[in-house]
Amino acid sequence: MPELPEVEITRRGIEPHIVNKKISSAVIRTNKLRWPFPPALSSKLSGHKILSVARRAKYLLLTTDNGTLIIHLGMSGSLRIVNTSTPAQAHDHFDLIFGKKLMRLHDPRKFGAVLWVKGDPAKHSLLASLGPEPLNNPQFNADYLYACARNRRISIKEFIMNAKVVVGIGNIYASEALFAAGIHPARSASRISLQRYEVLVSAIQSVLSQALQHGGTTLRDFTREDGRPGYFRHELKVYGRTGQPCIHCRRPLRAIKIGQRTSTYCSHCQR
DNA sequence: CAAAGGTCCTGCTCGC
DNA sequence: TGCGAGCAGGACCTTT
């Protein structure tokens, strides 16, 4: 599910329900997700108040007066705010309980993660070497991407999906941004001009912003904190549309594998 | 059997 | 030869 727009929609959804609230306890119902849960997690959290709900890349950062809970939604994770009386379903792995309400992590594929860090979360090993945020960040610009792409043989699609280059862009939004920019997904990152990187930066920002406005993309697992879906799926121009006509030239969209991931594109409009 | 929204880790290759 | 950076592939897990 979750690329930057979905994680940010989740952040905005849960924030008003949990910020400044005191954690009663935490419940863990599975052995591990991508990694084991932090030891004695409930005792680290119980009795402490959530001071802020932030996002860095696709990580949610719930900072308390005792440390920061880091949550990653992996490929299929979602968070819901429900009443404490709501019974847990299959794949409901983790609850953070606040009196009568709780925040519940649901993740069928278990590629997500719940981690704990004392002190500055930006120094956590998983966050320390992340690239720039793509939205509202002057550091993310064409000069930066162009410089970063020198001597890189990989495709532009793998390049912008690499979190060390820029964070938040996964398979859906990489496909959409490259279509919007008219760049073939398999083109080498080092063989794109500065001028075309200007177009690509704008396309990435535009696609992510529009997805945010539509509440993200729901294909199957993603829901907002109240269970509603995101509606950007209806705005997708290439992702999931293999064989259907390009909205510009009407030629059928093609699919290729790039770095193990399906990439849908228009061979006429993207070069 | 193949694929699905992510990303870390391992081991290899390449160039200085 | 040695070293670091870049890169490809595998791994994790469940459902459709």
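No experiment lies behind these values; they were computed from the predicted model shown.

> What should I look at first to understand the sheet that holds strand β8 (residues 113-117) in this one?
Note on sheets: strands pair through backbone hydrogen bonds, and any given pair is parallel or antiparallel. Reading across from one edge, β2-β3-β4-β8 is the order of the four strands in this open sheet, with antiparallel pairing throughout. Because the sheet does not close on itself, it has two edges, and the strands there are β2 (50-56) and β8. This sheet shows a mean twist of 20° between the axes of neighbouring strands, independent of strand direction. In the sheet, strand β3 (residues 59-64) pairs with strand β4 (residues 68-72) via five bridges, with the strands oriented antiparallel. By the bridge assignment, L60 is partnered in β4 with I71.

> Quick question: what am I supposed to make of the packing of helix α6 (residues 171-181) against helix α7 (residues 194-213) here?
Each pair of packed helices gets described by two things: the angle between the helix axes and the distance between those axes. Closest axis-to-axis distance for the α6/α7 pair is 8 Å, and the angle between their directions is 130°. By the angle class used here, α6 and α7 are oblique. As α6 packs across α7, the resulting crossing turns out to be right-handed. For the pair α6 and α7, contact is made by Y173, E176, A177, L178, A180 and A181 and by V199, L200, A203, I204, V207, L208 and A211, respectively. Tallied by class, the residues present in the contact of α6 with α7 amount to 12 nonpolar, no polar and one charged.

> How should I be thinking about the sheet that holds strand β5 (residues 78-83) in this particular structure?
As summarised here, the arrangement of the four strands in space is β1-β6-β7-β5, forming an open sheet in which the pairing is antiparallel. Of all the strands in the sheet, the pair left with one neighbour each is β1 (25-28) and β5. In this sheet, neighbouring strand axes are inclined to one another by 20° on average, regardless of whether the strands run parallel or antiparallel. Inspection of the sheet shows strand β6 (residues 92-98) paired to strand β7 (residues 101-106) by six bridges, in the antiparallel sense. Bridge pairing in β7 places L96 opposite M103. In the packing of helix α1 (residues 4-18) onto the sheet, contacts are made with β5, β6 and β7, and the angle to β5 comes to roughly 30°.

> Sorry, what's going on with the protein's contact with DNA strand C here?
Around DNA strand C, the structure places H91, P108, R109, K110, F111, R152, R153, I154, E158, R220 and Q260. In DNA strand C, atoms within 4 Å of the protein come 67% from sugar and phosphate. Between DNA strand C and the protein, one listed contact pairs a phosphate oxygen with a side-chain N or O atom of H91 at 2.9 Å. For DNA strand C, a base oxygen lies 3.2 Å from a polar atom in the side chain of R109. Class assignment for the residues of the surface near DNA strand C results in three nonpolar, two polar and six charged.

What counts, and where the lines are drawn
Residues numbered from 1 in each chain as written. Chains lettered and ligands numbered in written order. Predicted model: local features only at pLDDT ≥ 70, side-chain atom pairs only at ≥ 80, totals over all residues. Heavy atoms only, no water. Pairing = 2+ DSSP bridges. Helix = DSSP H or I, 4+ residues; strand = E, 2+ residues; numbered from the N terminus. Axes fitted to C-alpha atoms, helices over the stretch in contact; angles between N-to-C directions. Parallel < 35°, antiparallel > 145°, perpendicular 65-115°, else oblique. Left-handed = near helix turned anticlockwise from the far one by under 90°. Contact = heavy atoms within 4.5 Å. Nonpolar A, V, L, I, M, F, W, Y, C, P; charged D, E, K, R; others polar. Near = heavy atom within 4 Å. Polar contact = N/O pair within 3.5 Å; in protein donor to acceptor, adjacent residues only side chain to side chain.

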